[in-house]
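Here are the chains, one letter per residue:
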Amino acid sequence: MYFACGSIERSRDAQYKFVTTAGIAIIKIIHWTITECSFIIKIMRHKDDKKNQAICDAAIELITANGFADTSMSKIAKTANVSPATIYVYFENKENLLNKIYLFVKQEMSAEILKGVNQNLSVEKAFKMIWNNYYQYAIKNPVRFAFTEQFANSPMVDRICKDESSSYFKPMLDLFNRGKEEKVFKEISLEIFTAFTFAPLTGLIKEHFSGALIFDEKMLETAYKIAWDAVTN
């Protein structure tokens with residue numbers, strides 16, 4: 001009887017060890033599977049991001065060069081080196097593509113224009129930094145600059161999209177309000193302030209790109225001084 005009980009106990013121990021070992025093995029398999037899946041997802045996400053960027057770049061280039069109406073989704077796909085069906089993974093239609101790309105470029109532009117700007121700078125230094133950053137962005141990114149100019153007042157870019165893009169430049173609004181509080185800027189509307197700050201510079205940049213003039217350092221400094229004098233007391 002004692003022998004039989006001992007055999008039963010050993011049998012139970014063996015079963016327990018087997019179940020425990022099997023359980024650990026299953027947990028390890030699950031862990032490896034999750035890890036492998038995460039790795040695969042990361043690779044797929046990386047590839048997807050690259051495709052999305054390629055589509056955006058191709059669309060900006062083609063729409064700026066040929067216009068919105070003459071740029072088909074198939075042409076964008078060919079330039080981006082993706083299938084036409086791939087574009088619809090990211091964008092509902094051509095109008096949705098345009099609005100999303102407009103937001104993308106505006107967000108990119110705002111990041112460059114506001115680079116280095118903070119509350120510790122004087123109003124004058126922050127203003128000059130923003131003004132020069134705008135110039136540098138436009139000169140280094142002529143296609144993106146032309147794209148934003150082309151659709152800045154276009155009805156094809158919806159109101160919600162334009163309102164969202166304006167929020168990217170909020171630090172500029174804060175600077176405008178601070179400048180008025182400190183009596184640096186004139187008591188003028190934001191629209192007039194923006195027009196006299198950027199419109200003359202934008203016009204000169206366009207003339208530079210067309211080859212009508214050479215926008216050198218001396219002209220740049222003169223243009224800045226005129227812009228500063230126009231909006232300050």
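Here, the structure is the one placed above.
Report on the accompanying structure. Predicted model only: the values in this text are computed from it and were never measured.

### Brief notes about empty space enclosed by the protein
In total, this model carries one cavity of 30 Å³ or more according to the counting rule given. Looking at the largest cavity, the residues that line it are Ala126, Phe127, Ile130, Met172, Leu175, Phe193, Thr197 and Phe198. Those elements that place two or more of their residues in the lining of the largest cavity are helix 5 (123-140), helix 8 (170-181) and helix 9 (190-210). Here the lining of the largest cavity is composed, by residue class, of seven nonpolar, one polar and no charged.

### Observations regarding helix 8
Here helix 8 spans 17 Å end to end across 12 residues, near enough to the 16 Å set by a 1.5 Å rise per residue. Those residues of helix 8 not exposed but buried are Met172, Leu175, Phe176, Arg178, Gly179 and Lys180. Against helix 4 (94-113), helix 5 and helix 9 lie the buried residues of helix 8. Just downstream of helix 8 lies Lys183, where phi reads positive at about 65 degrees.

### Focus on the environment of Pro171
Within the fold, Pro171 resides in helix 8. Sequence separation between Pro171 and Gln119 is 52 residues, and the spatial gap between their C-alpha atoms is 9.1 Å.

### A look at the side chain of Arg144
Examined against the element boundaries, Arg144 turns out to sit in helix 6 (residues 142-151). Exposure remark for Arg144: the relative accessible area of 15% places this residue in the buried category. At 2.7 Å, the side chain of Arg144 forms a polar contact with the side chain of Glu108. The residues contacting Arg144, other than those within four sequence positions of it, are Gln53, Asp57, Ile60, Phe104, Val105, Glu108 and Tyr137.

### Describing the pattern of salt bridges
As enumerated under the stated definition, the model contains 10 salt bridges in all. Ionic pairing is found between Glu221 and Lys128, a salt bridge with its closest N-O pair at 3.8 Å. Taken together, the residues span a long stretch of sequence, with Glu221 in helix 10 (residues 217-231) and Lys128 in helix 5 at a distance of 93 residues. Glu187 is the salt-bridge partner of Lys180, the closest N and O atoms lying 3.8 Å from each other. According to the relative accessible area criterion, Glu187 is exposed, its value standing at 63%. One network of salt bridges, with partners in common, ties together Asp57, Glu108 and Arg144.

### Digging into the side chain of Thr71
For Thr71, the position within the fold is in the loop between helix 1 (2-66) and helix 2 (73-80). Once residues within four sequence positions are removed from consideration, Thr71 is found in contact with Leu62, Ile63, Asn66, Ile76 and Lys94.

### A closer look at the packing of helix 5 against helix 9
To characterise two packed helices, one gives the angle between the axes of the helices and the distance between these axes. At their nearest, the axes of helix 5 and helix 9 sit 11 Å apart, and the two run at 30 degrees to each other. In terms of their interaxial angle, helix 5 and helix 9 are classed as roughly parallel. Classified by chirality, the crossing of helix 9 by helix 5 is right-handed. Mapping the contact onto sequence places Phe127, Ile130, Trp131, Tyr134, Tyr135, Ala138 and Ile139 in helix 5 and Phe193, Thr197, Phe198, Leu201, Thr202, Ile205, His208 and Phe209 in helix 9.

### What to know about the packing of aromatic side chains
Under the criterion given, the structure shown has 15 aromatic pairs. Measuring from ring centre to ring centre gives 5.2 Å for Phe147 and Phe151, while their planes differ by 50 degrees; the resulting arrangement is tilted. Note that Phe147 and Phe151 are positioned in helix 6 at a spacing of four residues, about one turn of the helix. Of the two residues, Phe147 and Phe151, neither departs from the other in class, the shared state being buried. In textbook terms, an aromatic cluster arises when at least three aromatic residues are bridged by ring pairs, as seen for Phe127, Trp131, Phe176, Phe185, Phe193, Tyr224 and Trp228. It is Lys94 that lies over the ring of Phe68; its NZ or CZ is 4.5 Å from the centre. The ring of Tyr224 carries Lys128 above its face, with NZ or CZ at 5.0 Å from the centroid.

Rules and cut-offs
- By convention here, each chain's residues receive numbers from 1 onward along its written sequence.
- The predicted nature of this model means local features are confined to residues of pLDDT at least 70 and side-chain atom pairs, given and counted, to a pLDDT of 80 or more, with totals for whole chains, interfaces and linings taken over all residues.
- Heavy atoms throughout the structure, all of them, feed into the side-chain values; hydrogens and water do not.
- Buriedness for pockets is judged along seven lines, at least five of which must meet protein on both sides within 12 Å for an open set on the 1 Å grid over protein atoms alone, while cavities are sets there where a 1.4 Å probe fits but cannot get out, and lining residues have an atom within 4 Å of a point.
- Grid points are joined across faces, edges and corners, and a volume is the space filled by probe spheres set on the points.
- Here a helix means four or more residues in a row that DSSP labels H or I, a strand means two or more in a row labelled E, and each is numbered from the N terminus.
- Note on residue classes: Ala, Val, Leu, Ile, Met, Phe, Trp, Tyr, Cys and Pro are nonpolar, Asp, Glu, Lys and Arg are charged, and everything else, Gly too, is polar.
- How far a helix is expected to stretch is found by multiplying one less than its residue total by 1.5 Å.
- With a 1.4 Å probe rolled over the protein chains alone, any residue whose accessible area is under 20% of its type maximum counts as buried; one over 50% counts as exposed, and the rest are partly exposed.
- Working rule for contacts: check all heavy atoms of both residues, and any pair within 4.5 Å makes them a contact.
- Counted as a polar contact is a pair of N or O atoms within 3.5 Å, where, for protein atoms, one must be capable of donating a hydrogen and the other of accepting one, and residues adjacent in sequence contribute only when both atoms are in side chains.
- A side-chain nitrogen of Lys or Arg and a carboxyl oxygen of Asp or Glu constitute a salt bridge if their distance falls within 4 Å.
- Axis lines are fitted through C-alpha atoms, for helices just across the contact stretch, and the angle between N-to-C directions can take any value from 0 to 180 degrees.
- When an angle is under 35 degrees it counts as roughly parallel; over 145 it counts as roughly antiparallel; between 65 and 115 it counts as roughly perpendicular; any other value is oblique.
- The crossing is said to be left-handed when, going from far helix to near helix, the turn is anticlockwise and less than a right angle, and right-handed when the turn is clockwise.
- Only the six-membered ring of Trp is used, alongside the rings of Phe and Tyr, when aromatic pairs are assigned; centres must lie within 6.5 Å, and planes under 30 degrees apart are stacked while those over 60 apart are edge-to-face, with the rest tilted.
- Only when the NZ of Lys or the CZ of Arg is both within 6 Å of the ring centre and within 35 degrees of the ring normal is a charge said to sit over the ring.

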